[in-house]
Amino acid sequence: MFKKILVANRGEIAVRVMRACKEMGIKAVAVYSEVDRTALHVRIADEAYCVGPPPSSESYLQGDKIIDIAKDCGAEAIHPGYGFLAENPTFSRNVANAGLVFIGPSGGVIEHLGDKMSARKTMMNSGVPVVPGSEGGIEDEKQAVRLVNEIGLPVLIKAAAGGGGKGMRIVHAENEIKSAVRGAASEAQSAFGDGRVYIEKYLEQPRHIEIQILCDTHGNYLYFPERECSIQRRHQKVIEESPSPLVDPEMRRKMGEAAVAAAKASGYVNAGTVEFLVDKHKKFYFLEVNTRLQVEHPVTEMITGYDLVKEQIKIALGAELSIRQEDIVPKGNAIECRIYAEDPRNNFMPSVGKLISYEEPAGPGVRVDSGVYEGFTIPIFYDPMVSKLIAWGMDRQEAIDRMLRALSEYRIVGVETTIGFHKTVLQEANFRDGNISTHYIQEVLGDISVELEVTEDDMIAVASAVSYRRMKQDAQLTIGTAPSGSSGSAWKNSFRPARR
Ligand code: ADP
């Protein structure tokens, strides 16, 4: 087994990976930017090293610096989490070239699947159904018009290097083609340094359903029950669940086998996710492969009992998968809400700042993967996610009711959050009926106002935060201030307000 793993990430995912390391008896090493000196992932790590100034380009994206830190501290492997360097083929290669283990696929596989056009081609050749569209890239605008006429409107112009919903343009009419191609290409060029675009049929009211896979170095491939990720804002997932209310056992098996075929065709190793779009006739089409651990992996863990991070680590070590396909039996339903420090009243603008009061929900069937604590200041430099709240229930109804209970227990004072938004979705009739698509938020919630009234509980939370601040000020007057950088010290803990 590895003795020490460096986690090249921050926030909740760094904490999540470190927890798996600790349970496996592996020392966890954190890297952090100057603004994250007191972050939770630094607190729980066995060792932590500053990697640079706050902007991610100068810290969490400094692959070579991170590899040097890993070598210097004696780490044998690097876990990239998601985001930052997780899908960077050069980083994966450089880690391997430095004699370390990258916990994820090889640079070659990441590069091939990260190019949506080459991934599509591989899937077409291996019989995995892809969204109808162009075989290769668009050479010029004339060809684009010809292709759109062949495929039929509406279409989506997509960037080969796309990610995070960038470099996509919907085309509803022929006279929009040229500007859409130009717009998508220039957005892709500036975001990814690669302006190649291609065309896909734009599926109306699709669902986004994906399959988690695990593949070892011994030629074993596993698929897990699907995750339904149709609740999205600006093509970004906000609520995920497993299993999908749409999918029956036969469809589950077919999608799983298609995902394994996709993995085999690309020589995949480690954990990955094969994403599909599903149309109203329940036909599914390959969308892309995410070559990393997904944000939404906990819902799979909650209904199957497996720890996907531990499996990743064992695969990276060269171990053979000990799970058999028939061992993976889903039990109950799990839902995840991504809790963001964003203001739903202000077009979901980031609302970063200090968490004056912070209490996580708990109780039966509730899991909180967070990277924050009371008193922590959410920095402006990164994704403003506070946590992922996951609820499990014996059935979907219980999972939803538990999630609503957990959301109402969650106390966050100091920043605006998306908690009220999630409550609105979870109480809405179409969501409760499983009648959803990727257009759900725009079409169903468009005119529903998000529950944002101040409740009695919110007022109690504010009052307790104010009294906590007063206590702190009084303490500072009498015994002086705590030494800087010692936010985990007993001094502060002794002045925490009693939990309700
Ligand atoms: P990215 O890598 O930028 O996240 P994806 O290809 O994974 O892009 O697509 C993100 C989302 O965009 C999908 O979940 C879906 O909502 C929408 N989308 C992508 N392709 C299509 C398509 N052909 N038709 C309809 N919606 C699509």
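In this text the structure is predicted, and so the values were computed from the model without any measurement. (Residues numbered from 1 in each chain as written. Predicted model: local features only at pLDDT ≥ 70, side-chain atom pairs only at ≥ 80, totals over all residues. Heavy atoms only, no water.)

> Any details on the sheet that holds strand 8 (residues 197-201)? Residues and values, ideally.
With respect to topology, three strands assemble into an open sheet ordered 7-6-8, the strand pairing being antiparallel. The outermost strands of the open sheet, each flanked by one partner alone, are strand 7 (168-171) and strand 8. The sheet shows a mean angle of 25° between the axes of neighbouring strands, direction not considered. Here helix 7 (residues 141-151) sits on the sheet in contact with strand 6 (155-159) and strand 8, set at roughly 20° to strand 8. Helix 8 (residues 177-192) contacts strand 6, strand 7 and strand 8 of the sheet and is inclined by roughly 170° relative to strand 7. (Pairing = 2+ DSSP bridges. Helix = DSSP H or I, 4+ residues; strand = E, 2+ residues; numbered from the N terminus. Axes fitted to C-alpha atoms, helices over the stretch in contact; angles between N-to-C directions. Contact = heavy atoms within 4.5 Å.)

> Quick rundown of the site of the ligand? Include the residues and the values.
In the vicinity of the ligand there are 23 residues, among which K116, G165, H208, Q232 and E288 approach most closely. Measuring from an oxygen atom of the ligand, one finds a backbone N or O atom of G164 at 3.2 Å. For the ligand, an oxygen atom lies 2.8 Å from a polar atom in the side chain of Q232. For the ligand, the protein covers 96% of the area, taking 550 Å² as the surface of the free molecule. Contributing elements (two or more residues each) for the shell around the ligand: strand 6, strand 8, strand 13 (270-278) and strand 14 (284-290). The class makeup of the residues in the shell around the ligand is eight nonpolar, eight polar and seven charged. (Near = heavy atom within 4 Å. Polar contact = N/O pair within 3.5 Å; in protein donor to acceptor, adjacent residues only side chain to side chain. Areas by Shrake-Rupley, 256 points an atom, 1.4 Å probe, with all protein chains shown as cover. Nonpolar A, V, L, I, M, F, W, Y, C, P; charged D, E, K, R; others polar.)

> Before we move on, can you summarise helix 10 (residues 297-304) with the specific residues and values?
Since one α-helical turn is 3.6 residues long, residues separated by three or four positions face the same way. The buried fraction of helix 10 is high, at seven of eight residues. Every buried residue of helix 10 is listed here: H297, P298, V299, T300, E301, I303 and T304. Just past helix 10, the residue G305 takes up positive phi, approximately 85°. (Buried < 20%, exposed > 50% of the residue type's maximum accessible area, 1.4 Å probe, protein only.)

> How would you explain the sheet that holds strand 4 (residues 77-79) if you had to name every residue and give the values?
Across the sheet, which stays open at both edges, the five strands sit in the order 3-2-1-4-5 with parallel pairing between neighbours. Looking at which strands have only one partner, the edges of the open sheet turn out to be strand 3 (47-52) and strand 5 (101-102). Alignment of strand 1 (residues 4-7) against strand 4, held across three bridges, turns out to be parallel. Note on strand 4: the bridge partner recorded for L6 is I78.

> Hey, could you go over the nonpolar core for me, with residue numbers and the actual values?
In this structure, L6 and I78 are the most contacted members of the largest nonpolar core, which totals 62 residues. The greatest single-element share of this core, amounting to six residues, is contributed by helix 12 (residues 396-409). Apart from residues lying up to four places away in sequence, I78 is in contact with L6, A8, I66, I67, A70, F91, V95, L100, V101, F102 and I103. M18, Y82, A271 and M385 belong to the second-largest nonpolar core, a separate cluster that totals 33 residues. (Core = buried A, V, L, I, M, F, W, Y, C linked by side-chain atoms within 4.5 Å.)

> Describe the side chain of S92, and please don't skip the residues or the numbers.
Of note, S92 is situated in helix 4 (residues 89-97). We classify S92 as buried; its relative accessible area is 3%. A polar atom in the side chain of S92 sits 3.0 Å from the backbone oxygen of P105. Beyond its immediate sequence surroundings of up to four residues, S92 is in contact with F102, P105, S106, G107 and I110.

> Which residues make up helix 1 (residues 11-23), and what values go with them?
The end-to-end C-alpha distance of helix 1 is 19 Å, a good match for the 18 Å that 13 residues give at a rise of 1.5 Å each. The buried fraction of helix 1 amounts to 10 of the 13 residues, a majority that puts the element mostly inside the structure. For helix 1, the set of buried residues is G11, E12, I13, A14, V15, R16, V17, M18, A20 and C21. (Expected span 1.5 Å × (residues − 1).)

> An account of the confidence of the model for the protein chain is requested, with residue identities and associated values reported.
Averaged over all residues, the pLDDT of the protein chain is 91; the fraction at 70 or higher stands at 89%. Segment residues 451-455: pLDDT under 50, and eight contacts once partners within four positions in sequence are set aside and those in other chains are kept. (pLDDT = per-residue confidence, 0-100.)

> Any details on the pairing of strand 8? Residues and values, ideally.
Most of strand 8 is tucked away, with four of its five residues classed as buried. Both strand 6 and strand 8 contribute to a ladder of five bridges, which runs antiparallel. Within strand 8, the position partnered with A159 by the bridge is V197.

> Could you give an account of the packing of aromatic side chains, with specific residues and numbers?
All told, the structure shown has 10 aromatic pairs when counted by the stated rule. Considering the side-chain rings of Y373 and F376, the 5.4 Å spacing of their centres and the 45° angle between planes classify their relative orientation as tilted. For F376, a relative accessible area of 4% translates into the label buried. An aromatic cluster of three or more residues is present, and its members are Y60, F84, F381 and Y382. We note R396 situated over the ring of F431; from NZ or CZ to the ring centre the distance is 4.9 Å. (Phe/Tyr/Trp six-rings, centres within 6.5 Å; stacked < 30°, edge-to-face > 60°. Lys NZ or Arg CZ within 6 Å of the ring centre and 35° of its normal.)

> Let's hear about the packing of helix 5 (residues 107-114) against helix 6 (residues 116-125): which residues, and what values?
The N-to-C vectors of helix 5 and helix 6 enclose an angle of 95°; their axes lie 5 Å apart at closest approach. Comparing the axis directions of helix 5 and helix 6 gives the class roughly perpendicular. Along the contact surface, helix 5 presents H112, L113 and G114, while helix 6 presents K116, S118, A119, T122 and M123. Its residues placed into classes, the contact of helix 5 with helix 6 shows three nonpolar, four polar and one charged. (Parallel < 35°, antiparallel > 145°, perpendicular 65-115°, else oblique.)

> How would you explain the pattern of salt bridges if you had to name every residue and give the values?
Following the criterion strictly, the structure yields 40 salt bridges and no others. The salt bridge involving E228 is made with R207; its shortest N-O contact spans 3.0 Å. Highlighted residues: E228 in strand 11 (residues 227-233) and R207 in strand 9 (residues 207-215), separated in sequence by 21 residues. Taken individually, E228 and R207 each receive the classification buried, so the pair is uniform in this respect. Among the charged side chains, a salt-bridge network with shared partners connects E210, R227, K237, E240, E275, E296 and R338. (Salt bridge = Lys/Arg side-chain N within 4 Å of Asp/Glu carboxyl O.)

> For unusual backbone geometry, give the residues involved together with the corresponding values.
Backbone torsion omega between L153 and P154 reads -5°, so that peptide bond is classified as cis. Residue P243 is bonded to the preceding S242 through a cis peptide linkage, with omega at -10°. Examined against the element boundaries, P243 turns out to sit in the loop between strand 12 (236-242) and helix 9 (249-265). Of note in the backbone geometry, N270 takes a positive phi value of approximately 90° without being a glycine. With respect to the helices and strands, N270 occurs in strand 13. Assessed through its relative accessible area of 1%, N270 is described here as buried.

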